[in-house]
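Residues per chain are reported as follows:
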Amino acid sequence: MTLSVALGPDTQESTQTGTGTSTEVLSAPDIPWNLVIWNDPVNLMSYVSYVFRTYFGYSEAKSNKLMLEVHKKGRSIVAHGSKEQVEQHAVAMHGYGLWATVEKATGGGPASGKGKGKRG
Amino acid sequence: MAKAFKYGIKGITGYLEPAERDLLRSLFDDVVSMLEPEERADQDPLAALVGLDAEAREPEDRALRRLLPSVSKTDAAASLEFRRYTERSLRESKIGALKAASLGLDKDELVLTPADARHWSTALNDVRLVLAERLDIRDDEDAGHVHLMQDWSQAEDVESYLALVYNFTTWLQESLVQAMLQSLDTRR
């Protein structure tokens, strides 16, 4: 599945002031983090779709498709970007009550890391 | 009986009986008291002011953990660090929405601005997340089972009462979200 890079409503493009030309440009391959939404039996399908439409500005069709993917597959990558961007999205999703996590976009299982969290 | 929220010329409107408003107020207040951070005497006031909480850790209570989830499934250290920077303001924004919704319960007829509607939808969602943990709703089958409980005359114990309350808040939130979706479609 291809997803366009999602920017939240609060990360609008900055207006260029005067002579400024941007010196740092991030291209798509440089931003390897995913925002994952997990299924739970509580959140209403309509509510999840509403959050995707209003927070990310996704179309009704795209929001419903992502919502159904969460519901049927248990999880869906709903946005990607830099680590800071997806973390900001994650905390916004937590504000809405959606269960969101961030992960590196490399695919596959978690790298052998120390300090595994307890699973409840 | 409450009336479902609907979207019309006055915006999003609803109607609740006094007993229903009392119930919702106590639910909102309960979740507020769960979310209120403990004030510690040794806390750095400047850190608290900017939203830092060096002592924050993953909540032991399941319901609170669902309200304030970890940001990584696999990296506990990164989750903890993120929590120390963000959890306090997340708690505060949730408390703000719950209190705003609670304050709007001062009359039977509800007329919600778009901001009110957002506060209400997240407040109801947080209440439902907490009730669902108390009811042990772990999967869609559990949710379906709880959903069967619709008759208030059957409320014999705490669990059946909680199930009825859960179903009431689910119904209310669903009608609110449908009205909010309708308002989006109308504005476009």
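Before going into details, it helps to say that this report is about the structure given with it.

### A word on the sheet that holds strand β1 (residues 3-8) of chain B
Residue and element names in this part refer to chain B. Spatially, the three strands line up as an open sheet ordered β1-β2-β3, and their pairing is antiparallel. In this open sheet, the two strands that pair with only one neighbour each are β1 and β3 (109-112). The mean angle between the axes of side-by-side strands here comes to 20°, regardless of whether they run parallel or antiparallel. The pairing of strand β2 (residues 11-15) with β3 spans four bridges and is classified as antiparallel. Note on β3: the bridge partner recorded for I12 is L112. Where helix α5 (residues 114-134) meets the sheet, it contacts β1, β2 and β3, and its direction lies at approximately 110° from that of β3.

### Here we look at α5(B)
Residues and elements named next belong to chain B. End to end, α5 covers 31 Å across 21 residues, agreeing with the expected 30 Å (1.5 Å per residue, within 8%). Summarising burial for α5: 15 of the 21 residues are buried, a large majority. At the C-terminal side of α5, D136 shows a positive phi close to 60°.

### Some details on the sheet that holds strand β2 (residues 75-81) of chain A
Residue and element names in this part refer to chain A. The strand order β2-β1-β3 describes an open sheet built from three strands, whose pairing is antiparallel. Two strands lie at the open edges of the sheet, namely β2 and β3 (100-104), each paired on one side alone. On average, adjacent strands in this sheet sit at an angle of 30° to one another, irrespective of strand direction. In terms of strand pairing, strand β1 (residues 33-38) meets β2 through six bridges, oriented antiparallel. Along β2, the bridge assignment pairs W38 with R75. Strand contacts of helix α2 (residues 60-73): β1 and β2, with the helix running at about 135° to β2, the strand carrying the most contacts.

### Notes on the packing of aromatic side chains
Between two aromatic rings, the relevant description is the distance of the centres plus the angle of the planes. The tally for this structure, following the rule as stated, stands at nine aromatic pairs over all chains. Seen from their ring centres, W38(A) and W99(A) are 5.8 Å apart, and the 35° between their planes marks the pair as tilted. With W38(A) in strand β1 and W99(A) in the loop between α3 (83-96) and β3, the pair connects residues that are 61 residues apart, well separated along the chain. Using a relative accessible area of 16% as the deciding quantity, one classes W38(A) as buried. Between W152(B) and Y161(B), the aromatic rings sit 6.0 Å apart at their centres with planes inclined by 75°, giving edge-to-face as the arrangement. Feature note: the residues F52(A), Y55(A), F56(A), Y58(A) and Y96(A) constitute an aromatic cluster, connected by ring pairs. For K83(A), the ring lying beneath its charged end belongs to W33(A), and the centroid distance is 5.4 Å. For K3(B), the ring lying beneath its charged end belongs to Y15(B), and the centroid distance is 4.9 Å.

Conventions we followed
- Residues numbered from 1 in each chain as written.
- Chains lettered and ligands numbered in written order.
- Predicted model: local features only at pLDDT ≥ 70, side-chain atom pairs only at ≥ 80, totals over all residues.
- Heavy atoms only, no water.
- Pairing = 2+ DSSP bridges.
- Helix = DSSP H or I, 4+ residues; strand = E, 2+ residues; numbered from the N terminus.
- Axes fitted to C-alpha atoms, helices over the stretch in contact; angles between N-to-C directions.
- Contact = heavy atoms within 4.5 Å.
- Expected span 1.5 Å × (residues − 1).
- Buried < 20%, exposed > 50% of the residue type's maximum accessible area, 1.4 Å probe, protein only.
- Phe/Tyr/Trp six-rings, centres within 6.5 Å; stacked < 30°, edge-to-face > 60°.
- Lys NZ or Arg CZ within 6 Å of the ring centre and 35° of its normal.

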